[in-house]
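The primary structure of each chain is shown beneath.
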Amino acid sequence: MQKSLLLFAIASVVVWGQQPARPEFEVATIRPSAPSPEATVTAGSRIDGAQVRWVSFTLKRYMATAYRVKLDQISGPDWISSDRFDISATIPAGVSTTQMPEMMQRLIEDRFQVKMHRAKKDLPVYALEVAKG
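## Describing the overall build of the chain
So, step 1. Regarding its fold elements, the chain presents three helices and four strands.
So, step 2. Counting from the amino terminus, the chain carries its helices and strands in the arrangement α-β-β-β-α-β-α.
So, step 3. Counting over 133 residues, the chain shows a buried share of 25%.
So, step 4. Long-range pairs, those at least 24 residues apart, make up 72% of the contacts in the chain with a sequence separation of at least 6.
So, step 5. About 10,700 Å² of surface is accessible on the chain, with carbon and sulfur atoms providing 57% of the total.

Shown next, in the form of structure tokens:
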């Protein structure tokens, strides 16, 4: 019994050890965005070969993109919706731009020390129903 248990433990370590590493940007810099005149914000993204640049997005917007969720599904301190950041990054050779959300997740977790968890919340809703009669 102990031999089979030990063999299972060793086999489990081998299987878990073979999972591919999450993709990450080769090089990335994050800087606070330059202040813009009141009531105007110019935000955008640009991919030029292996270089990608996002300008003037909030951390909440980056998180929504990275984790493929809606903005109203993200909660955190107020500053994640107000402070804006510019990100410049280099995509490693052989990595597809379709893996950009996973690379963004890793960058956010590493640089902002974000800890993500999913939770269910009860929220008020309105229902439109056809009146009887």
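## Some points on helix H2 (residues 59-67)
So, step 1. The buried count for H2 comes to seven of nine residues, which makes it a mostly enclosed element.
So, step 2. Looking only at H2, the buried set comprises Leu-59, Lys-60, Tyr-62, Met-63, Ala-64, Ala-66 and Tyr-67.
So, step 3. At the C-terminal side of H2, Arg-68 shows a positive phi close to 55°.

## What to know about the nonpolar core
So, step 1. With 23 residues, the main nonpolar core has Phe-25, Trp-54, Tyr-62, Met-104 and Ile-108 as its most contacted residues.
So, step 2. Where this core is concerned, the elements lending two or more residues are strand E3 (51-58), H2, strand E4 (84-90) and helix H3 (100-112).
So, step 3. Take this core: its biggest share by element is six residues, from H2.
So, step 4. Residues in contact with Tyr-62, not counting those within four places in the same chain, are Trp-54, Val-55, Phe-57, Phe-85, Asp-86, Ile-87, Met-104 and Ile-108.

## Here we look at the layout of surface pockets
So, step 1. Of the voids in this model, the largest pocket is the one considered here, and its volume is about 730 Å³.
So, step 2. Residue lining of the largest pocket: 21 residues in total, with Gln-73, Ile-74, Ser-75, His-117 and Ala-119 positioned closest to the centre.
So, step 3. Here the lining of the largest pocket takes three residues from H2, the largest share from any one element.
So, step 4. A breakdown of the residues in the lining of the largest pocket according to their chemical character gives 13 nonpolar, four polar and four charged.

## Section: the packing of aromatic side chains
So, step 1. Taken as a whole and assessed by the stated rule, the structure comprises six aromatic pairs.
So, step 2. Between Phe-85 and Phe-112, the ring centres sit 5.1 Å apart and the planes meet at 75°, which makes this aromatic pair edge-to-face. One end of the pair, Phe-85, is in strand E4; the other, Phe-112, is in helix H3, and 27 residues separate them in sequence.
So, step 3. The exposure class assigned to Phe-85 is buried, which follows from its relative accessible area of 12%.
So, step 4. The class of Phe-112 is partly exposed, set by a relative accessible area of 21%.
So, step 5. A connected cluster of aromatic rings, assembled from ring pairs, spans Phe-25, Trp-54, Phe-57 and Tyr-62.

Rules and cut-offs
- Residues numbered from 1 in each chain as written.
- Predicted model: local features only at pLDDT ≥ 70, side-chain atom pairs only at ≥ 80, totals over all residues.
- Heavy atoms only, no water.
- Helix = DSSP H or I, 4+ residues; strand = E, 2+ residues; numbered from the N terminus.
- Buried < 20%, exposed > 50% of the residue type's maximum accessible area, 1.4 Å probe, protein only.
- Contact = heavy atoms within 4.5 Å.
- Areas by Shrake-Rupley, 256 points an atom, 1.4 Å probe, with all protein chains shown as cover.
- Core = buried A, V, L, I, M, F, W, Y, C linked by side-chain atoms within 4.5 Å.
- 1 Å grid on protein atoms, 1.4 Å probe; cavity = no way out; pocket = protein on both sides within 12 Å on 5 of 7 lines; lining within 4 Å.
- Points joined across faces, edges and corners; volume = space filled by probe spheres on them.
- Nonpolar A, V, L, I, M, F, W, Y, C, P; charged D, E, K, R; others polar.
- Phe/Tyr/Trp six-rings, centres within 6.5 Å; stacked < 30°, edge-to-face > 60°.

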